[in-house]
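Residue-level listing of the chains:
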Amino acid sequence: MLVSAPRLSRLQSSFPGTPTPTGMHSAALTRPRISGIYPARNQVAKRVFRKTIMSAGAKSPDGRPVVLITEKLGDPGVEMLKQSANVVVALGLSAAELNEKIKGADALIVRSATKVTREVFEAANGGLKVVGRAGVGVDNVDLGAATEYGCLVVNAPTANTVAAAEHGIALLCALARNVSQADASMRAGKWERGKYVGVSLVDKTLAIMGFGKVGSEVGRRAKGLGMEVIAYDPYASEDKARALGVQLVTFDEALAKADFFSLHMPMTPGTKKMFNDDAFAKMKKGARIVNVARGGVIDDDALARALDAGVVAAAALDVFEEEPPKWEGHPLIGRPNVITTPHLGASTQEAQEGVAIEVVEAVVEALAGKLSANAVNAPMVAPEVLRELQPYVVLAEGLGKAAVQLVADQGFADINVTYSSPRGDDLDTRLLRAMVIKGILEEITTSTVNLVNADLLAKSRGLRISEVTVRSEGESVLSSMSVSLGAGKSRFSAAVDKTGRIYVEGTVRNGRPYLTKIGGFDVDLSVEGSILLCRQRDQPGIVGTIGMLLARDNVNINFMTVGRTARNEEAVMAIGVDSEVPADTLMAIGMVKGVLESTLFKELGA
Ligand SMILES: NC(=O)c1ccc[n+]([C@@H]2O[C@H](COP(=O)([O-])OP(=O)(O)OC[C@H]3O[C@@H](n4cnc5c(N)ncnc54)[C@H](O)[C@@H]3O)[C@@H](O)[C@H]2O)c1
Ligand SMILES: O=C(O)[C@H](O)COP(=O)(O)O
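As annotated in an unreviewed UniProt entry, the protein chain carries the name D-3-phosphoglycerate dehydrogenase and is attributed to Raphidocelis subcapitata. The heading Catalytic activity (unreviewed entry) in the UniProt record of the protein chain holds the text "(2R)-3-phosphoglycerate + NAD(+) = 3-phosphooxypyruvate + NADH + H(+)". What UniProt records for the protein chain under Sequence similarities (unreviewed entry) is the sentence "Belongs to the D-isomer specific 2-hydroxyacid dehydrogenase family."

In structure tokens:
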């Protein structure tokens with residue numbers, strides 16, 4: 001049975017983590033370290049963590065751990081590592097050689113070229129305790145397999161930020177002044193001064209798309225070049241932008257206004273091919289684009305069309321959807337107005353020394369059984385608790401994803417999670433809270449979020465999170481849970497509850513997670529795949545029309561439900577879809593007679 005959530009103002013006045021006589025506790029994130037939140041439980045968590053990480057003894061006779069390094073790692077990091085471990089450097093291993101070598105290692109340190117696959121963990125047979133990635137992206141590590149084998153993965157998320165920003169600025173300047181093309185021409189023995197006249201940067205408008213760690217560093221440097229800097233980032237803080245003299249704008253404003261674009265958003269389902277035909281059509285003619293983020297945020301064919309049409313004058317690309325890319329038939333590589341570098345953003349001596357130290361510190365800490373703030377996965381919860389909470393973990397992440405996807409351009413400031421559980425205050429909410437934060441943050445940042453770092457990451461982004469546990473009746477560990485966001489505005493106004501917050505609620509039935517409420521509307525949606533939501537008048541014909549529009553684009557419908565509550569004779573209809581709904585179809589659906597608004601949840605769950 002659901003007990004209605006207490007008022008938020010009341011929650012936020014309670015001390016973080018302190019049980020109250022009414023059976024509530026809140027965990028507003030005012031403390032700097034995760035260990036401060038639940039001191040007693042955290043000791044247990046630390047023991048579980050240590051046991052997991054240190055389950056087998058070190059593999060060398062002297063009792064020191066063996067660390068295998070398979071890619072060039074900065075010397076200061078290697079020297080530091082030698083103080084506490086036996087270091088084996090083996091570069092350029094084949095997959096079979098790595099599978100063999102890993103059997104003798106307690107830890108492995110890699111960059112992006114080594115593929116740390118499931119086979120590697122299988123070959124290590126539980127003996128590999130830590131994988132360290134000397135950089136940010138961990139897409140070359142099979143995180144699922146690592147977690148399954150109780151192997152902690154750590155990375156180095158900050159030490160290459162400046163290098164990536166500097167590479168962005170280098171490409172910006174090279175792009176404006178045709179440096180690469182002119183150099184190539186001179187190497188070919190030509191002196192073509194007239195051909196390579198460039199454009200100036202001063203007084204031009206640069207749009208930073210994604211105002212996080214790298215984006216803000218690019219912004220700071222571009223101001224120094226005399227550029228007017230604007231930024232689009234729905235989750236960026238106004239205060240941070242103001243402090244740097246950068247104006248936050250909407251996506252469309254950025255497209256219309258900028259002479260130059262520098263892309264710095266993470267690769268997520270929401271940013272995939274964000275620069276598509278639609279976006280290029282809204283750009284000022286002659287714009288120039290730099291991408292040191294991830295290749296997949298640009299639709300390569302659409303960019304090629306925009307270059308052909310002169311809408312985009314030139315582009316500089318450091319990253320590609322597939323790396324290394326296939327040269328033959330590539331729509332962009334080799335064009336006269338496109339300059340390319342082979343993913344060099346992090347490749348400076350300083351950054352490589354920095355990431356080496358950052359990753360070695362994290363690996364050494366983890367081998368010593370300490371919590372690392374750079375942990376990417378962390379099996380910190382006892383297996384029996386994990387087993388019990390497993391279905392709710394999927395629900396929690398799905399609610400986080402759903403809530404944040406409903407936020408409009410202006411972003412949100414705080415998160416409220418309410419659990420209805422027969423256990424009341426005894427419910428261990430750490431894992432569920434972490435999964436809500438994961439669902440939210442992984443839509444908007446490059447960071448991989450888990451139990452160890454979720455609270456810290458939320459705090460570092462200035463997000464306040466409040467939790468309430470309400471005692472309910474029933475057999476299962478959790479009757480229901482809800483996530484609400486204090487957002488300025490929603491992309492789907494029906495998702496806003498009576499208190500003005502974006503609100504989603506869900507439950508688990510027969511082991512499967514369901515969304516049961518969006519704003520004031522009851523729904524009944526399995527938390528999986530992509531879902532089209534429509535708020536509509538209760539009148540015949542709408543379902544058929546929308547079905548036809550989707551069929552026209554070959555979009556298969558896997559389920560359809562209509563919200564039970566008819567508030568003012570309105571209903572919320574949900575349609576599960578198997579593939580992407582094109583933007584123009586979404587627009588057409590929004591214009592169907594009787595449809596009041598519509599939106600799409602992308603990839604809510606497995
Ligand atoms: N080329 C390289 O060698 C290299 C090196 C480092 C980082 N990177 C890439 O640079 C990018 C930024 O890295 P970071 O460390 O600054 O990450 P970050 O998490 O600090 O910043 C990402 C920012 O993007 C914003 N964002 C999320 N969704 C967005 C959206 N739909 N539209 C606009 N902004 C959105 C987030 O709010 C966040 O502020 C990532 O793609 C990363 O993979 C590349
Ligand atoms: O993810 C990263 O840190 C950057 O993209 C750099 O990766 P690299 O280590 O392959 O240079």
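Continuing now.
Peer 1: Looking at this structure, how should I read the overall build of the protein chain?
Peer 2: Helices and strands together make up the secondary structure of the protein chain, namely 19 helices and 23 strands. Residue burial in the protein chain is summarised as follows: out of 606 residues, 53% are buried. In the protein chain, once contacts between residues fewer than 6 apart in sequence are set aside, the share between residues at least 24 apart is 68%. Of the roughly 26,400 Å² that the protein chain leaves accessible, carbon and sulfur atoms contribute 53%.

Peer 1: What am I meant to see in the pattern of salt bridges here?
Peer 2: Opposite charge on two side chains permits them to pair, given that their charged atoms come into close proximity. The full count for this structure, using the stated rule, is 25 salt bridges. Notably, a salt bridge pairs Lys72 with Asp75, separated by 3.5 Å at the nearest N-O pair. Taking the relative accessible area as the measure of exposure, Lys72 reaches 55% and is therefore exposed. Connected through shared salt-bridge partners, Glu217, Arg220 and Arg221 make up one network.

Peer 1: Just to check I follow, could you spell out the site of ligand 1 for this structure?
Peer 2: Around ligand 1, the surrounding shell holds 28 residues, and the nearest of these are Val214, Asp233, Met265, Ile444 and Thr445. A distance of 3.2 Å separates an oxygen atom of ligand 1 from a polar side-chain atom of His343. Taking Gly345, its main chain carries an N or O atom lying 3.4 Å from an oxygen atom of ligand 1. Its free accessible area being 850 Å², ligand 1 has 95% of it covered by the protein chains.

Peer 1: Would you take a moment to explain the packing of aromatic side chains for this structure?
Peer 2: Tallied over the entire structure, the rule returns four aromatic pairs. For the ring pair Phe261 and Phe275, a centre distance of 6.5 Å and an interplane angle of 70 degrees mean the geometry is edge-to-face. Of this pair, Phe261 sits in strand β9 (residues 260-263) while Phe275 sits in the loop between β9 and α12 (277-281), and the two are 14 residues apart along the sequence. Look at Phe275 and Phe280: their rings are 6.5 Å apart centre to centre, the planes differ by 45 degrees, and that puts the pair in the tilted class. By relative accessible area, which is 0% here, Phe275 ends up buried. By relative accessible area, Phe280 is classed as buried at 3%. When the ring centre of Tyr514 is taken as origin, the NZ or CZ atom of Arg509, which lies over that ring, is 4.1 Å away.

Peer 1: Looking at this model, I keep getting lost on the packing of helix α3 (residues 75-82) against helix α14 (residues 349-367). Mind explaining?
Peer 2: To characterise two packed helices, one gives the angle between the axes of the helices and the distance between these axes. Their axes nearest at 7 Å, the elements α3 and α14 cross at an angle of 25 degrees. Accordingly, the angle class assigned to the pair α3 and α14 is roughly parallel. The interaxial crossing formed by α3 with α14 has right-handed handedness. Residue-level contacts link Pro76, Gly77, Met80 and Leu81 of α3 to Glu353, Ala356, Ile357, Val360, Glu361 and Val364 of α14. Its residues assigned to classes, the contact of α3 with α14 shows seven nonpolar, one polar and two charged.

Peer 1: Even after reading the chapter, I still don't get the site of ligand 2, so can you show me in this structure?
Peer 2: The environment of ligand 2 is formed by Arg111, Ser112, Arg133, Ala134, Gly135, Val136, Gly137, Asn160, Arg294, His343 and Ala346. For ligand 2, an oxygen atom lies 2.4 Å from a polar atom in the side chain of Ser112. Val136 places a polar main-chain atom, nitrogen or oxygen, 2.6 Å from an oxygen atom of ligand 2. Taking 310 Å² as the accessible area of ligand 2 by itself, protein coverage stands at 92%. A per-class count over the shell around ligand 2 returns three nonpolar, five polar and three charged.

Peer 1: When you look at unusual backbone geometry in this model, what are you seeing that I'm missing?
Peer 2: Peptide bonds are trans in most cases, and residues, glycine excluded, mostly fall at negative phi. With an omega of -10 degrees, the peptide bond running from Glu323 to Pro324 counts as cis. Tracing the backbone through its elements, the reader meets Pro324 in the loop between β11 (312-317) and β12 (338-340). Phi at Lys273 is positive, roughly 50 degrees, even though this residue is not glycine. The topology assignment puts Lys273 in the loop between β9 and α12. The exposure class assigned to Lys273 is partly exposed, which follows from its relative accessible area of 32%. Positive phi, close to 50 degrees, is recorded for His343, a residue that is not glycine. Along the chain, His343 turns up in the loop between β12 and α14.

Peer 1: Any chance you could explain the sheet that holds strand β18 (residues 512-518) here in plain terms?
Peer 2: Read from one edge to the other, the open sheet built from six strands follows the order β15-β14-β16-β17-β18-β19, with strand pairing classed as mixed. If you trace the sheet from one side to the other, it starts and ends with β15 (464-471) and β19 (521-526), each paired once. Taking each pair of neighbouring strands and ignoring which way they run, the sheet shows an average axis angle of 20 degrees. In this sheet, strand β16 (residues 480-487) lies alongside strand β14 (residues 412-421) in antiparallel orientation, the contact comprising seven bridges.

Criteria and cut-off values
- Residues numbered from 1 in each chain as written.
- Chains lettered and ligands numbered in written order.
- Predicted model: local features only at pLDDT ≥ 70, side-chain atom pairs only at ≥ 80, totals over all residues.
- Heavy atoms only, no water.
- UniProt positions renumbered as here; feature names shortened; annotations may be inferred.
- Helix = DSSP H or I, 4+ residues; strand = E, 2+ residues; numbered from the N terminus.
- Buried < 20%, exposed > 50% of the residue type's maximum accessible area, 1.4 Å probe, protein only.
- Contact = heavy atoms within 4.5 Å.
- Areas by Shrake-Rupley, 256 points an atom, 1.4 Å probe, with all protein chains shown as cover.
- Salt bridge = Lys/Arg side-chain N within 4 Å of Asp/Glu carboxyl O.
- Near = heavy atom within 4 Å.
- Polar contact = N/O pair within 3.5 Å; in protein donor to acceptor, adjacent residues only side chain to side chain.
- Phe/Tyr/Trp six-rings, centres within 6.5 Å; stacked < 30°, edge-to-face > 60°.
- Lys NZ or Arg CZ within 6 Å of the ring centre and 35° of its normal.
- Axes fitted to C-alpha atoms, helices over the stretch in contact; angles between N-to-C directions.
- Parallel < 35°, antiparallel > 145°, perpendicular 65-115°, else oblique.
- Left-handed = near helix turned anticlockwise from the far one by under 90°.
- Nonpolar A, V, L, I, M, F, W, Y, C, P; charged D, E, K, R; others polar.
- Pairing = 2+ DSSP bridges.

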